[in-house]
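# Breakdown of the fold
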Amino acid sequence: QVQLVESGGGVVQPGRSLRLSCVASGFIFRDYALFWVRQTPDKGLEWVAVISYDVNNNYYADSVKGRFTISRDNSKNTIYLQMNSLRTEDTAVYYCASSASYDFGSLDYWGQGTLVTVSS
Amino acid sequence: DIQMTQSPSTLSASVGDRVTITCRASQSIGDWLAWYQQRPGKAPKLLIYKASTLNTGVPSRFSGSGSGTEFTLTISSLQPDDFATYYCHQYNLYSNFGQGTKLEIK
């Protein structure tokens, strides 16, 4: 049974940092690209970052480029999202999701999401 | 950036109805399009990928079609479980989602 479990969300002040984690199980982790996707009531679903299955490539949405870093540890079946210089507009539910592709692809499995609130 | 526009934003229908949701891309994306269903408080669930391929376990009343810039998701006979929000998603060039279509009970 495939599971993706996010953690690390919470309330943080603008300008501060937060690191999200996502632990995967039930599939061959190293064969899948992994994504972070966020959702707000106003903007809907927004792709944030993707890391290729071999770790060699990662891509970011313009809205987070230079502030967020995606990484993965294939030995721990875990991906991370390091979020620096957080802004109020980064407030969202953050999902990790997997894709049976090298990088961009359809998102086969999703975690339950973790809420990040950026507020003073 | 490729813009994905869904219509309608809200759709009212009854159990047993046939409904169609449209998704238009601002430039050609081939058939690199997926559809997701999202129920309140839950994560999106993949229904269809590559425009028309049904994901494993998804009922056959769901179907997708289209290529290039215009795509449709059709539910042939609505069931109570189908009232949810549906999103299209292009993955031809980076990744973009439509704004969603809320399917509600009439």
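Further up the page is the structure itself.
No experiment lies behind these values; they were computed from the predicted model shown.

## Let's talk about the nonpolar core
Soluble globular proteins: nonpolar side chains tend toward being buried together. All names here are of chain A. Trp36, Val48, Phe68, Leu81, Met83 and Tyr94 are the most contacted members of the largest nonpolar core, which has 27 residues in total. Elements with a minimum of two residues in this core: strand S3 (18-25), strand S4 (33-40), strand S5 (44-51), strand S7 (68-73), strand S8 (78-83), strand S9 (92-99) and strand S11 (114-118). Per element, the largest residue contribution to this core is 4 residues, and it comes from S3. Discounting chain neighbours no more than four positions away, the residues touching Leu81 are Leu18, Arg19, Leu20, Trp36, Val48, Ala49, Phe68, Thr69, Ile70 and Tyr94.

## Digging into the sheet that holds strand S1 (residues 3-7) of chain A
Residues and elements named next belong to chain A. Read across the open sheet, the 4 strands follow the order S1-S3-S8-S7; overall the sheet is antiparallel. With partners counted over all chains shown, the strands left at the sheet margins are S1 and S7, one partner each. Neighbour-to-neighbour, the strand axes of this sheet turn through a mean angle of 15°, independent of strand direction. Inspection of the sheet shows S1 paired to S3 by 5 bridges, in the antiparallel sense. Across the sheet, the residue bridging to Gln3 is Ser25, located in S3.

## A closer look at the interface of chain B and chain A
Accessible area lost upon the coming together of the parts is a frequently used measure of interface size. Of the residues lining the interface, 14 residues belong to chain B; the matching set on chain A comes to 14 residues. In total, chain B and chain A occlude about 1300 Å² of area from one another, counting both sides; carbon and sulfur atoms represent 69% of this. On inspection of chain B and its partner chain A, the count reaches 0 salt bridges. For the pair chain B and chain A, the number of links is 4 residue pairs in polar contact (both at pLDDT 80 or more). Residue contributions to the side of chain B that touches chain A peak at 3 residues, all from strand S4 (residues 33-38) of chain B. Looking at the side of chain B that touches chain A residue by residue, the class counts come to 10 nonpolar, 3 polar and 1 charged.

## Description of the pattern of salt bridges
By the definition in use, this model includes 8 salt bridges over all chains. Through salt bridges with shared partners, one network takes in Arg38(A), Glu46(A), Arg67(A) and Asp90(A).

## Some thoughts on the pairing of strand S5 (residues 45-49) of chain B
All names here are of chain B. Pairing between S4 and S5: 3 bridges, direction antiparallel. Opposite Gln37, over in S5, you have Lys45 as the bridge partner. Hairpin connection from S4 to S5: 6 residues lie between these consecutive antiparallel strands, with Gly41 at a positive phi of about 80°. Taken together, the 2 bridges between S5 and strand S6 (residues 53-54) define a ladder with antiparallel strand orientation. Paired with Ile48 across the bridge in S6 is Leu54. Where S5 folds back on S6, the antiparallel hairpin that results is connected by 3 residues, among which Lys50 adopts a positive phi of roughly 50°.

Cut-offs and rules
Residues numbered from 1 in each chain as written. Chains lettered and ligands numbered in written order. Predicted model: local features only at pLDDT ≥ 70, side-chain atom pairs only at ≥ 80, totals over all residues. Heavy atoms only, no water. Core = buried A, V, L, I, M, F, W, Y, C linked by side-chain atoms within 4.5 Å. Buried < 20%, exposed > 50% of the residue type's maximum accessible area, 1.4 Å probe, protein only. Helix = DSSP H or I, 4+ residues; strand = E, 2+ residues; numbered from the N terminus. Contact = heavy atoms within 4.5 Å. Pairing = 2+ DSSP bridges. Axes fitted to C-alpha atoms, helices over the stretch in contact; angles between N-to-C directions. Buried area = accessible area lost by both parts, 1.4 Å probe. Salt bridge = Lys/Arg side-chain N within 4 Å of Asp/Glu carboxyl O. Polar contact = N/O pair within 3.5 Å; in protein donor to acceptor, adjacent residues only side chain to side chain. Nonpolar A, V, L, I, M, F, W, Y, C, P; charged D, E, K, R; others polar.

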